[in-house]
Amino acid sequence: MTLFLLLIIVAFVLGIIGAAADGLGFLLAAAVILFVADLAYAFVRLRGRRRPVR
């Protein structure tokens, strides 16, 4: 969970820097890709925690 939150914070910081600085649009694109990858990671990790029904 800590890794998930850290990656979300990094994605937002990169997105803000990429949107605010002129000519650093690639940082905004990297932030979007990182955010989507982080959501996919969290989805796979949470989905795999099912417990067997007795």
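Let me sum up the structure you'll find in this document. Note that the structure is a prediction, hence the values are computed from the model and not measured.

A few points about the packing of helix H1 (residues 2-20) against helix H2 (residues 25-47)
Think of two packed helices as two axes; the pair is described by the angle between the axes and how far apart they sit.
Next, step 1: Their axes nearest at 7 Å, the elements H1 and H2 cross at an angle of 160 degrees. By the angle between their directions, the pair H1 and H2 is classed as roughly antiparallel. For the pair H1 and H2, the sense of crossing is left-handed. From H1, Leu3, Phe4, Leu7, Ile8, Val10, Ala11, Phe12, Leu14, Gly15, Ile17, Gly18 and Ala19 reach across to H2, where they touch Gly25, Leu27, Leu28, Ala31, Leu34, Phe35, Asp38, Leu39, Tyr41 and Ala42.

A word on the packing of aromatic side chains
Next, step 1: Evaluated as defined, the whole model comprises one aromatic pair.
Next, step 2: A ring pair is formed by phenylalanine 12 and phenylalanine 35, whose centres lie 6.0 Å apart and whose planes are at 45 degrees; its orientation type is tilted. Pair noted here: phenylalanine 12 is in helix H1 and phenylalanine 35 is in helix H2, with a separation of 23 residues, a long-range link.

Some details on H2
Next, step 1: Relative to the 33 Å expected for 23 residues at 1.5 Å per residue, H2 spans 33 Å between its end C-alpha atoms, a close match to the ideal helical length.
Next, step 2: Taken together, the buried positions of H2 are Leu27, Ala31, Asp38 and Ala42.
Next, step 3: Next to the buried residues of H2 lie H1.

So, the environment of tyrosine 41
Next, step 1: Looking at where tyrosine 41 falls in the secondary structure, it is placed in helix H2.
Next, step 2: The partly exposed category is assigned to tyrosine 41, whose relative accessible area is 35%.
Next, step 3: Measuring from C-alpha to C-alpha, the distance between tyrosine 41 and alanine 11 comes to 14 Å, with 30 residues separating the pair along the chain.

Cut-off values and rules
- Residues numbered from 1 in each chain as written.
- Predicted model: local features only at pLDDT ≥ 70, side-chain atom pairs only at ≥ 80, totals over all residues.
- Heavy atoms only, no water.
- Axes fitted to C-alpha atoms, helices over the stretch in contact; angles between N-to-C directions.
- Helix = DSSP H or I, 4+ residues; strand = E, 2+ residues; numbered from the N terminus.
- Parallel < 35°, antiparallel > 145°, perpendicular 65-115°, else oblique.
- Left-handed = near helix turned anticlockwise from the far one by under 90°.
- Contact = heavy atoms within 4.5 Å.
- Phe/Tyr/Trp six-rings, centres within 6.5 Å; stacked < 30°, edge-to-face > 60°.
- Expected span 1.5 Å × (residues − 1).
- Buried < 20%, exposed > 50% of the residue type's maximum accessible area, 1.4 Å probe, protein only.

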